[in-house]
Amino acid sequence: MTKNTLFPGFIEPLKEARNRVEGSSSSDNNNGRRSPTNCLIKPPVKKNTIPIDLKLHNDIRAVERARFAHQVAEKRRLIKQYKMERERQQKLEEQEEIKRLRKELIPKAQLMPYFDRPFVPRRSEKQPTVPREPKFCIPRHKTIRCCRMSCNDMSGPSQLQHLPSSVEKTEALYENRGLQ
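Because the structure is predicted, anything quoted here is derived from the model rather than measured.

So, on to the overall build of the chain. When you go through the chain residue by residue, the secondary structure sums to six helices and zero strands. Taken from the N to the C terminus, the helices and strands of the chain come in the order α-α-α-α-α-α. Accessible surface, the chain as shown: approximately 19300 Å² in total, 57% of it carbon and sulfur.

Okay, here's the thing in structure tokens:
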């Protein structure tokens, strides 16, 4: 592309003006003054660009966030006001209840206990509980297969016969201390 194709209306008037200036300077010399027809033609001036009003996402987000923060603050203020009102109502109700109870309730004397029939504790008629022997053997369904032999060997009836029961132990303690 040549310059003529890029700026067709700009180059041609310049060439014509140059030709006129060169022709007039050689033909007549007016003490260095040029006539208005001999002046160079200025290229057309571009129009001033109009700035576009930019709307950045940050600005939009800041406005939305400020609106949201205001809503949250308003909601918190309303909740706080509601709580204070509820507490005030509750205090008033409690005070009214206390006033009502003071008017209604008349203090009464407690009845005297009967001292003519003194309390004599009696022995219980229930039989004392019989202690049971603890089971040291693990039930068969709870043991591991490999341990069944060792558990059964240890807790066989032959070994448990010579061990004293807890009842026998307590009786022996009582006999040693002289208590019966």
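A surface patch of negative charge is lined by Glu-133, Glu-168, Glu-171 and Glu-175. Its location among the elements puts Glu-171 in helix α6 (residues 166–177).

Take a nonpolar patch on the surface next. The grouping of Ile-52, Leu-54 and Leu-56 at the surface amounts to a nonpolar patch, some 370 Å² of accessible area in total. Residue placement: Leu-54 occurs in the loop between α2 (8–27) and α3 (57–104). By relative accessible area, which is 66% here, Leu-54 ends up exposed.

To continue, consider the pattern of salt bridges. Applying the stated rule across the entire model yields four salt bridges. Between Glu-85 and Arg-88 there is a salt bridge whose closest N-O contact spans 2.5 Å. In this pair, Glu-85 and Arg-88 are both assigned in helix α3, three residues apart and thus about one turn of the helix distant. Take Arg-88: its relative accessible area is 42%, and that puts it in the partly exposed class. The structure contains a network of salt bridges with shared partners spanning Glu-97, Arg-100 and Glu-104.

When pLDDT is averaged across the chain, the result is 76; 66% of the residues are at 70 or more. Mean pLDDT across the elements of the chain bottoms out in helix α5 (residues 157–161) (48) and peaks in α3 (95).

Definitions and cut-offs
- Residues numbered from 1 in each chain as written.
- Predicted model: local features only at pLDDT ≥ 70, side-chain atom pairs only at ≥ 80, totals over all residues.
- Heavy atoms only, no water.
- Helix = DSSP H or I, 4+ residues; strand = E, 2+ residues; numbered from the N terminus.
- Areas by Shrake-Rupley, 256 points an atom, 1.4 Å probe, with all protein chains shown as cover.
- Patch = residues over 30% accessible without salt bridge, like charges linked within 9 Å, V, L, I, M, F, W, Y side chains within 5 Å.
- Salt bridge = Lys/Arg side-chain N within 4 Å of Asp/Glu carboxyl O.
- Lys, Arg positive; Asp, Glu negative; His and termini not counted.
- Charge placed at Lys NZ, Arg CZ, Asp CG, Glu CD.
- Buried < 20%, exposed > 50% of the residue type's maximum accessible area, 1.4 Å probe, protein only.
- pLDDT = per-residue confidence, 0-100.

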